[in-house]
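# Breakdown of the fold
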Amino acid sequence: MKDASAPQKDVILECRNLWKVFGDAPDGFGQATRSLSKEKVIAQARENGSLPAICDVSLDVKRGEILMIMGLSGSGKSTLLRCMSRLVELSAGEVSFEGQNILTLKDRALTELRRNSFGMVFQSFGLLGHLNARDNVAFPLRVQNVPKAARHARADELLDLVGLTERKDNFPHELSGGQQQRVGIARSLISDPALWFLDEPFSALDPLIRRQMQDEFLRLQTTLGKTIVFVTHDFLEAARLGDRIAIMRDGQLVQIGTPREIILSPADDYVRDFVSDVPTSRILHVSDLMKSGTATEDAPTVAPSDPLELAIGHFLSGHADLHVVGDKGDVLGVISRDDLHVLTGQGAQND
Ligand SMILES: Nc1ncnc2c1ncn2[C@@H]1O[C@H](COP(=O)(O)OP(=O)(O)OP(=O)(O)O)[C@@H](O)[C@H]1O
Ligand SMILES: [Mg+2]
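Attention here is on the structure that accompanies the text.

Turning our eyes to something else, we now look at the pairing of strand 4 (residues 92–97). Looking at chain direction, strand 1 (residues 11–22) and strand 4 are connected through five bridges and run antiparallel. Bridged to Leu13 within strand 4 is Phe97. Bridge count for strand 4 against strand 5 (residues 100–101) is two bridges, and the pairing is antiparallel. In the strand pairing of strand 5, Phe97 is matched with Gln100. Here strand 4 folds back onto strand 5, and the loop between the two strands holds two residues, one of which, Glu98, carries a positive phi near 50°.

What follows is the structure in structure tokens.
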């Protein structure tokens, strides 16, 4: 994987050879993961009647990045997130946060780490039913003995942020699924975590709110500079929000890379399927396909940051190539109709 050589200081969370087996792991499992092939270890676990949910996953989370995790249902996304934050115990492997091996932390130190450094938003909301929205959001501060007025003030700010100003006094059962999830998002931010784990946080939201939450999320990330690990089923969401996307299949990491790398160089047919029905021309930019050189004299101009679909519009109206120009009109390169062949078969032509 390309990030294996990333310098340590740029890495906030380092995951090495993670394994999670549900059910009893076979005897000598840890040793087997070090000495046998991945396929053999998986086969042994299955023979043993256990379920290998995470199989030899290594990846680094870089400081300040949004790392998206994608994969079909049951591919191990939530389990991977839980292994990264040690919400479930690994069967084998190492996880280091800021260079510290979190697997050796005792209960108290682990609780402190989760409370102070990790924020979590769960797929299943995880709200406390007997507390209203404000008290749910404020709950992590209550555990830290922050005075009531201060924690309520902070909770109110975050509830405003997620658009629940009017629902602060409502209990979870009085809120829609999307509203409950927004309470969960607000709660996860109250400790100002360094590393923010989100498991399909927007899946219960209607499309308009979802889009607003994505925008809000990007704004938060820009202003707070959080490092985020984010699970989604939605490739468009992954491409819109993510700096990199990790794709899981049957507990294994199939590919990790930028949205552009995933779209233009899918590792296999499974990955190709993920991008096959998404409007890649809306995700990619002119800069992703531009080359050096100049276009024909009367060619229209586009900017490197323009969506590729804008260039396609020009091609459809008969132009064979386009000048790619900078802010001051300086020619940076060229993009031609022929360059689109890399998208053939990836759904980019038809949207
Ligand atoms: N606590 C558990 N005990 C036993 N098996 C589990 C447990 N949690 C998850 N699994 C199994 O591990 C595999 C991975 O599950 P996981 O929840 O990580 O998938 P996922 O990719 O998050 O799926 P989804 O998209 O449906 O949320 C599945 O086969 C699941 O049944
Ligand atoms: Mg899940």
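Okay, back to it.
For helix 8 (residues 207–224), built from 18 residues, the straight-helix expectation of 26 Å at 1.5 Å per residue is met to within 8% by its first-to-last C-alpha distance of 25 Å. Within the span of helix 8, buried status applies to Ile209, Arg210, Met213, Gln214, Glu216, Phe217, Leu220 and Gln221. Where helix 8 is buried, its residues contact strand 3 (66–71), helix 6 (148–161), helix 7 (177–189), strand 7 (195–199), strand 8 (227–231) and helix 9 (235–241). A positive backbone phi angle near 60° is found at Gly225, which sits one or two residues after helix 8.

Right, let's get into the nonpolar core. Counting residues in hydrophobic clusters, the biggest one holds 60 residues, and the most contacted among them are Trp196, Phe217, Phe235, Leu308 and Ile335. Both of domain 1 (2–12 + 60–280) and domain 2 (284–350) provide at least three residues apiece to this core. Every residue in contact with Leu308, bar those within four places of it in the chain, is listed here: Ser281, Leu284, His285, Val286, Leu289, Ile335, Leu340 and Leu343. Among the nonpolar cores identified, the runner-up in size contains 32 residues, and Leu59, Met84, Phe97 and Met120 belong to it.

What the rule picks out here adds up to eight aromatic pairs. Aromatic side chains Phe217 and Phe230 sit 5.2 Å apart centroid to centroid with 75° between the ring planes, which places their arrangement in the edge-to-face category. Of the two residues, Phe217 sits in helix 8 while Phe230 sits in strand 8, which places them 13 residues apart along the sequence. Taking relative accessible area as the criterion, Phe230 reaches 0% and is therefore assigned buried. Each residue in the set Trp196, Phe202, Phe217 and Phe230 is aromatic and connected to the rest through ring pairs, giving one cluster. Between the NZ or CZ atom of Arg249 and the centre of the ring of Tyr270, over which it lies, the distance is 5.0 Å.

This part takes up the site of ligand 1. In the region of ligand 1, 14 residues are neighbours, and Ser73, Gly74, Lys77, Thr79 and Gln123 sit closest. Separating an oxygen atom of ligand 1 from a backbone N or O atom of Gly74 is a distance of 2.8 Å. With respect to ligand 1, the side chain of Lys77 contributes an N or O atom lying 2.7 Å from an oxygen atom. Elements represented by at least two residues in the shell around ligand 1 include exactly strand 2 (51–62) and helix 3 (77–84). Looking at the shell around ligand 1 element by element, the count peaks at three residues for helix 3. For the shell around ligand 1, the class distribution of residues is four nonpolar, eight polar and two charged.

Applying the stated criterion across every chain, the model contains three cavities of 30 Å³ or more. Of the pockets and cavities examined, the largest cavity occupies roughly 60 Å³. In terms of lining, the largest cavity is formed by Ser78, Leu81, Arg82, Ser85, Leu87, Met120, Val121, Phe122, Phe197 and Asp199. Elements that contribute at least two residues to the lining of the largest cavity include exactly helix 3, strand 6 (118–121) and strand 7. Top element by residues in the lining of the largest cavity is helix 3. It accounts for three residues. Empty space within the second largest cavity amounts to approximately 40 Å³. Element by element, the count of residues in the lining of the second largest cavity is highest for helix 8, at four residues. A breakdown of the residues in the lining of the second largest cavity according to their chemical character gives eight nonpolar, no polar and one charged.

Here is what the cut-offs are and how they apply
Residues numbered from 1 in each chain as written. Chains lettered and ligands numbered in written order. Predicted model: local features only at pLDDT ≥ 70, side-chain atom pairs only at ≥ 80, totals over all residues. Heavy atoms only, no water. Pairing = 2+ DSSP bridges. Helix = DSSP H or I, 4+ residues; strand = E, 2+ residues; numbered from the N terminus. Expected span 1.5 Å × (residues − 1). Buried < 20%, exposed > 50% of the residue type's maximum accessible area, 1.4 Å probe, protein only. Contact = heavy atoms within 4.5 Å. Core = buried A, V, L, I, M, F, W, Y, C linked by side-chain atoms within 4.5 Å. Domains from an automatic or database assignment. Phe/Tyr/Trp six-rings, centres within 6.5 Å; stacked < 30°, edge-to-face > 60°. Lys NZ or Arg CZ within 6 Å of the ring centre and 35° of its normal. Near = heavy atom within 4 Å. Polar contact = N/O pair within 3.5 Å; in protein donor to acceptor, adjacent residues only side chain to side chain. Nonpolar A, V, L, I, M, F, W, Y, C, P; charged D, E, K, R; others polar. 1 Å grid on protein atoms, 1.4 Å probe; cavity = no way out; pocket = protein on both sides within 12 Å on 5 of 7 lines; lining within 4 Å. Points joined across faces, edges and corners; volume = space filled by probe spheres on them.

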